[in-house]
Amino acid sequence: EDDFQFILCEGCRQESSNLKLLTCLHTLCLGCLSKNNPIKQCPVCRMATPQTSSIPDMDNLLFTSLQARLKVYKEIVDGVDLFCDNCMKAGEFWCSECKEFLCTKCFEAHQRYLKSESHKAKRVMDIRAGSAKDFLEGTGRTGNLFCSNPNHKSQTVSIYCKKCCKALCCSCALLDSQHAPFCDVHSETQRRQEELSTMSRELKQKRSGFEASYATLQDEAARLEEAQREMRELIRQRVEQLVRLIRQEEEELLGLVEARQEQGRQELARELQRVEGVLRRMEASERLVEKMNLYATEQEVMDMQPFIKDSLEDLRRLQPAVAEDRMKPGDLGECRARLQAL
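Residues numbered from 1 in each chain as written. Predicted model: local features only at pLDDT ≥ 70, side-chain atom pairs only at ≥ 80, totals over all residues. Heavy atoms only, no water.

If you tally the helices and strands in the chain, you get 10 helices and 8 strands. Looking at the chain residue by residue over its 342 residues, the buried ones come to 40%. Restricting to contacts in the chain with at least 6 residues of sequence separation, those with at least 24 account for 63%. For the chain, the accessible area works out to roughly 19500 Å², and carbon and sulfur atoms hold 49% of it. (Helix = DSSP H or I, 4+ residues; strand = E, 2+ residues; numbered from the N terminus. Buried < 20%, exposed > 50% of the residue type's maximum accessible area, 1.4 Å probe, protein only. Contact = heavy atoms within 4.5 Å. Areas by Shrake-Rupley, 256 points an atom, 1.4 Å probe, with all protein chains shown as cover.)

Here it is in structure tokens:
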């Protein structure tokens, strides 16, 4: 179970059939999105959501599919009564292509009539003996792509049109002369996977810059706290030597330090939040691309890759702030000058 915690909602950590993938590549259920909708940002990394009046409509097809396949695996492993979907006898086999349990007799008929379709049914006992990863690897690559044309719904897609960026069946490719040039849909799927992997590797290299920036911001926050503490102590030591008439000046100086310190803290907090959000988005992108490579079907890759690619492109455009370019928050120069005059 620890290996598949990633399919849970990243907000409430619960399993859900309505998981949405945001542009920051964090996955949330409808409940968490509705709860956070008034502030229009991701509750994990605080990135603003692009849609200001509605919940993002990109379903996380990969995680939803994994939940359904793991549910079947759990039924098999838990040893519940499994029945043949054809005759209701004891289910001894599972066909990942048909998504059905089969008894021995129906399995023999299944193998005889569907051997040309490359359906691979496995014994329930063999599935129980294996791991969840083994089960997912055996079912993850079996999904077929079907034509989007309503007249060809039963047609398996095998061609990809580079002009309209859409998968086609043979009938669409032959009848419509507007489609060209073509390539094999499996090649296009592999190209999209490789494109996501390349972008993920580039972001992994870039991540060190953001981590360094985050560490620098934390050091600055600590130095700011220390400077504020030292200044408060110095002010108290000096003011205590003065007469009662200048107590009012002491209070003004303390108030100025508090204001500068609060201003600096807020500025650093905002920058820390921004960099932390970017780091979380990068973690989400690495994890999602990795799981796509391991478990995504071709249909899921075709549906989700453009959305994920856009999000990764947005991440690639970000640059960590250089320490020299930022103004030092919480400047106490004015306070020091007034103290010196006093």
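Structure shown, so let's carry the discussion forward.
Another aspect to go through is the pattern of salt bridges. Scanning the entire structure with this criterion turns up 21 salt bridges. Between E334 and R260 there is a salt bridge, and its shortest N-O distance comes to 2.7 Å. Here E334, found in helix 10 (residues 333–341), pairs with R260, found in helix 8 (residues 247–295); they are 74 residues apart in sequence, far enough to count as distant. E334 sits in the partly exposed class, given a relative accessible area of 41%. (Salt bridge = Lys/Arg side-chain N within 4 Å of Asp/Glu carboxyl O.)

Counting residues in each nonpolar core, the largest one holds 55 residues, and the members touching the most others are L28, L62, I76, L288, M292, I308 and L312. Looking at this core, the element that brings in the most residues is helix 8, giving 11 residues. Core analysis: the next-biggest nonpolar cluster, separate from the first, contains 10 residues, I235, L256, C335 and L339 among them. (Core = buried A, V, L, I, M, F, W, Y, C linked by side-chain atoms within 4.5 Å.)

One non-glycine residue, R13, adopts positive backbone phi at about 60 degrees. Mapped onto the fold, R13 is located in the segment before strand 1 (19–21). Assessed through its relative accessible area of 40%, R13 is described here as partly exposed. Not every positive phi belongs to a glycine, and M88 is a case in point at roughly 65 degrees. For M88, a relative accessible area of 57% puts it in the exposed group.

The tally for this structure, following the rule as stated, stands at 2 aromatic pairs. Pairing F6 with F63 gives two aromatic rings, centres 5.4 Å apart and planes at 65 degrees, and the pair type is edge-to-face. Of the two residues, F6 is situated in the segment before strand 1 and F63 in helix 2 (residues 61–77); the sequence distance between them amounts to 57 residues. Neither F6 nor F63 differs from the other in exposure class; each is buried. Chaining the aromatic ring pairs together yields one cluster made of F6, F63 and Y295. (Phe/Tyr/Trp six-rings, centres within 6.5 Å; stacked < 30°, edge-to-face > 60°.)

Mapped onto the fold, Q261 is located in helix 8. Ignoring anything within four residues of it in the chain, the contact list for Q261 reads L224, E225 and Q228.

Here helix 8 crosses helix 10 at 165 degrees, and the two axes come no closer than 9 Å. One finds that helix 8 runs roughly antiparallel with respect to helix 10. Of the two elements, helix 8 crosses helix 10, and the hand of that crossing is left-handed. Here E249, E252, L253, L256, V257 and R260 of helix 8 come into contact with helix 10, specifically with E334, C335, R338 and L339. (Axes fitted to C-alpha atoms, helices over the stretch in contact; angles between N-to-C directions. Parallel < 35°, antiparallel > 145°, perpendicular 65-115°, else oblique. Left-handed = near helix turned anticlockwise from the far one by under 90°.)

All right, on to helix 2 then. In this model helix 2 runs 24 Å from its N-terminal to its C-terminal C-alpha over 17 residues, within 8% of the 24 Å that 1.5 Å per residue would give. The complete set of buried residues in helix 2 reads L62, F63, S65, L66, Q67, R69, L70, V72, Y73 and I76. (Expected span 1.5 Å × (residues − 1).)

Further remarks concern the packing of helix 2 against helix 8. The geometry of helix 2 relative to helix 8 is characterised by a closest axis approach of 11 Å and an angle of 50 degrees between their N-to-C directions. Classified by the angle between their axes, helix 2 and helix 8 sit oblique to one another. Handedness of the crossing formed by helix 2 with helix 8: left-handed. Contacts between helix 2 and helix 8 involve L62, F63, L66 and R69 on the former and, on the latter, L288, K291, M292 and Y295.

This paragraph deals with the side chain of K206. Relative to the assigned elements, K206 resides in helix 7 (residues 185–239). Buried K206, no salt bridge; nearest opposite-charge side chain is E202, N-O distance 8.4 Å. Side-chain polar atoms of K206 contact the backbone oxygen of L318, separated by 2.3 Å. In contact with K206, not counting residues within four places along its chain, are L315, R316, R317, L318 and Q319. (Lys, Arg positive; Asp, Glu negative; His and termini not counted. Polar contact = N/O pair within 3.5 Å; in protein donor to acceptor, adjacent residues only side chain to side chain.)

With that settled, consider helix 7. The end-to-end C-alpha separation of helix 7 is 79 Å, in line with the 81 Å expected for 55 residues at 1.5 Å each. Maximum bend of helix 7: about 30 degrees, positioned at Q205. (Bend = angle between axes of the 7 residues up to and from the residue.)

Here we take up empty space enclosed by the protein. One pass over the structure, following the stated rule, counts 2 cavities of 30 Å³ or more. Taken together, E10, L21, L25, T27, F63, A284, R287 and L288 make up the lining of the second largest cavity. Sorting elements by how many residues they give to the lining of the second largest cavity places helix 8 first, with 3 residues. For the lining of the second largest cavity, a count of residues per class yields 5 nonpolar, 1 polar and 2 charged. (1 Å grid on protein atoms, 1.4 Å probe; cavity = no way out; pocket = protein on both sides within 12 Å on 5 of 7 lines; lining within 4 Å. Points joined across faces, edges and corners; volume = space filled by probe spheres on them. Nonpolar A, V, L, I, M, F, W, Y, C, P; charged D, E, K, R; others polar.)

Further remarks concern the environment of R336. Positionally, R336 belongs in helix 10. Through-space distance from the C-alpha of R336 to that of M231 is 8.5 Å; in sequence the pair is 105 residues apart.

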